[in-house]
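Now for the letters of each chain:
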Amino acid sequence: MSITKKYFIDPIIINNRKIYPYVKLDVDVIASGFLSLDYEVIAFKIIEKSEIFFKNVSMSDNEFNNFKKKFIENK
């Protein structure tokens, strides 16, 4: 069984900036009970004063544009 989850983790606060890592967690479990974990930071949401910025790490351009649209609309 394989499960993939994408979510924000707690922010890293540096001076006036809040940096929210957006991560992808892949979990694989096979019949023998072996567990495989893969954890990757795929983007960042950065809030500075009242401005919101996004930084792509490993998403495709299309996926990143959809990601930004989703979170800009749901401030």
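Residue positions are given per chain, counting from 1 as you read along its sequence in written order. Under the rules for a predicted model, residues below a pLDDT of 70 receive no local features and side-chain atom pairs below 80 are neither given nor counted, while totals for whole chains, interfaces and linings still include all residues. Just so you know, side-chain values use all the structure's heavy atoms and leave hydrogens and water out.

Trainee: I'm lost on the environment of L35 in this one. Help?
Mentor: By the criteria applied, helices consist of DSSP H or I runs no shorter than four residues and strands consist of E runs no shorter than two, each listed in order from the N terminus. Counting through the fold element by element, L35 comes out in strand β4 (residues 35–48). Only protein chains enter the accessibility calculation, which uses a 1.4 Å probe. A residue is then buried if its area is under 20% of the maximum for its type, exposed if over 50%, and partly exposed in between. By relative accessible area, L35 is classed as partly exposed at 46%. The spatial distance from the C-alpha of L35 to the C-alpha of Y22 is 23 Å, given a sequence separation of 13 residues. Look past the residues within four positions of L35 in its chain and what remains in contact with it is V27, D28 and V29. Any pair of residues with heavy atoms lying within 4.5 Å of one another is described as a contacting pair.

Trainee: Explain the nonpolar core to me, please; I cannot follow it from the model alone.
Mentor: Side chains of a nonpolar character, in soluble globular proteins, are inclined to be buried together. Among buried residues, the Ala, Val, Leu, Ile, Met, Phe, Trp, Tyr and Cys ones that are joined through side-chain atoms within 4.5 Å form a nonpolar core. Core analysis: the biggest nonpolar cluster contains eight residues, these being Y22, I42, A43, F54, M59, F64, F67 and F71. Those elements that place two or more of their residues in this core are β4 and α1 (61–73). Ranked by the residues each element gives to this core, the list is headed by α1, at three residues.

Trainee: Got a minute to help me understand the confidence of the model for the protein chain in this structure?
Mentor: Should pLDDT be low for a region, the predicted coordinates there are not to be read in detail. Per-residue confidence from the predictor is given as pLDDT, running between 0 and 100. Per-residue pLDDT for the protein chain averages 90, and the proportion of residues at 70 or more is 96%. Mean pLDDT across the elements of the protein chain ranges from a minimum in α1, with 86, to a maximum in strand β2 (residues 12–14), with 96.

Trainee: I keep staring at the pattern of salt bridges and nothing clicks. Help me out?
Mentor: Once the charged atoms of two side chains with opposite charge are near each other, the side chains can pair. Salt bridges are counted wherever a side-chain nitrogen of Lys or Arg sits within 4 Å of a carboxyl oxygen of Asp or Glu. Under the definition given, this model contains three salt bridges. In this structure, K6 and E63 form a salt bridge, with 2.6 Å as the shortest nitrogen-oxygen distance. Pair noted here: K6 is in strand β1 (residues 2–8) and E63 is in helix α1, with a separation of 57 residues, a long-range link. A salt bridge links E48 to R17, with the nearest nitrogen and oxygen atoms 3.1 Å apart. Of this pair, E48 sits in strand β4 while R17 sits in strand β3 (residues 17–29), and the two are 31 residues apart along the sequence.

Trainee: Hey, could you run me through the packing of aromatic side chains in this one?
Mentor: Note on ring pairs: Phe, Tyr and Trp rings are taken, using the six-membered ring of Trp, and paired if centres are within 6.5 Å. Classes follow the plane angle, with under 30 degrees stacked, over 60 edge-to-face and the rest tilted. With the rule as written, the count across this model stands at six aromatic pairs. Judged by centre distance (6.4 Å) and plane angle (85°), the ring pair of F8 and Y20 falls under edge-to-face. Of the two residues, F8 sits in strand β1 while Y20 sits in strand β3, which places them 12 residues apart along the sequence. For F8, a relative accessible area of 26% corresponds to the partly exposed category. Summarising the aromatic geometry, the rings of F64 and F67 are spaced 6.0 Å apart at their centres and angled 25° between planes, so their arrangement reads as stacked. Separated by three residues within a single helix, F64 and F67 lie in helix α1, roughly one turn from each other. Look at F67 and you get buried, because its relative accessible area is 4%.

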